[in-house]
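# An overview of the molecular structure
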Amino acid sequence: MSLQLRLFGGGQTAAGKLSAINDGSHAIDKSKVLAQTDAGVITPNTPGNFSSIRSIPVVSDPRYFDREQADKLKELAKEKTDGARQSKRAYKALTKIEVADKTVHQQHRKYEGVVAENELGKKRADAGLAKKLHSMRPGYARLGLGIDKADSNARTRIDEIKTKLTGGGN
């Protein structure tokens with residue numbers, strides 16, 4: 001098996017054309033790269049529903065409230081104020097989690113970039129070795145031919161000596 005086949009697994013199709021691994025093509029799917037990390041994530045393509053929160057209906061006209069209504073609204077206001085304080089704490093924690101997730105995501109992508117760059121560097125080194133080995137082939141061919149010639153010369157001399165000693169030349 002040739003060095004190219006061992007290093008690159010072929011490199012040429014039966015038709016003699018370069019295979020996709022060597023022709024600069026890619027398998028980077030833009031839709032996968034730009035896909036949301038979650039269906040609920042807000043992006044320009046999925047802007048959310050712009051919903052809001054409303055604990056009580058809007059009072060559209062001026063009106064009077066009685067003591068019982070005012071007391072109930074005051075109690076609800078206390079509950080909602082505490083709920084808002086707890087919601088603020090929860091959203092602050094959610095924000096920290098999102099920032100941490102982003103950091104991990106970014107660092108992982110940075111790591112993957114390093115892996116990809118190093119893989120390319122390794123393949124460049126493999127290609128360099130393949131080229132170097134190909135450039136050495138003529139030298140090895142010369143050495144092989146020299147050995148063949150030496151073998152042939154030795155056989156000729158041995159045959160000449162045998163002929164002289166056995167008297168095959170008279």
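Residues numbered from 1 in each chain as written. Predicted model: local features only at pLDDT ≥ 70, side-chain atom pairs only at ≥ 80, totals over all residues. Heavy atoms only, no water.

### Comments concerning the overall build of the chain
Each helix and strand counted, the chain has 3 helices and 0 strands in total. In the chain, the succession of α and β elements from N to C terminus is α-α-α. Counting over 170 residues, the chain shows a buried share of 3%. Carbon and sulfur atoms provide 58% of the accessible area of the chain, an area that totals close to 15,600 Å². (Helix = DSSP H or I, 4+ residues; strand = E, 2+ residues; numbered from the N terminus. Buried < 20%, exposed > 50% of the residue type's maximum accessible area, 1.4 Å probe, protein only. Areas by Shrake-Rupley, 256 points an atom, 1.4 Å probe, with all protein chains shown as cover.)

### Considerations on the packing of aromatic side chains
Applying the stated criterion across every chain yields a total of 0 aromatic pairs. One cation-aromatic arrangement involves Arg63 over Phe65; the distance from NZ or CZ to the ring centre is 4.0 Å. (Phe/Tyr/Trp six-rings, centres within 6.5 Å; stacked < 30°, edge-to-face > 60°. Lys NZ or Arg CZ within 6 Å of the ring centre and 35° of its normal.)

### Considering the pattern of salt bridges
A complete count under the given rule lists 6 salt bridges for this structure. Note that Asp126 is salt-bridged to Lys123, the shortest N-O span being 2.8 Å. Of this pair, Asp126 and Lys123 both sit in helix H3 (residues 67-166), 3 residues apart, roughly one helical turn. With relative accessibility at 23%, the residue Asp126 sits in the partly exposed group. Using a relative accessible area of 32% as the deciding quantity, one classes Lys123 as partly exposed. The partner of Arg155 in a salt bridge is Asp151, with the nearest N and O atoms 3.4 Å apart. Of the two residues, Arg155 and Asp151 are both situated in helix H3; the distance of 4 residues between them amounts to about one turn of the helix. (Salt bridge = Lys/Arg side-chain N within 4 Å of Asp/Glu carboxyl O.)

### As for unusual backbone geometry
Non-glycine residue Phe50 carries a positive phi angle of around 55°. By the secondary structure assignment, Phe50 is in the loop between helix H2 (30-33) and H3.

### Some thoughts on a nonpolar patch on the surface
A surface patch of nonpolar side chains, about 480 Å² in accessible area, is lined by Leu129, Leu133, Met136, Tyr140 and Leu143. Inspection of the secondary structure assignment puts Leu129 in helix H3. (Patch = residues over 30% accessible without salt bridge, like charges linked within 9 Å, V, L, I, M, F, W, Y side chains within 5 Å.)

### Concerning the confidence of the model for the chain
In regions of low pLDDT, the predicted coordinates are not meant to be interpreted in detail. Mean pLDDT over the chain stands at 89; residues scoring 70 or higher make up 86%. Per-element confidence in the chain is highest for H3, whose mean pLDDT is 96, and lowest for helix H1 (residues 3-8), whose mean pLDDT is 54. (pLDDT = per-residue confidence, 0-100.)

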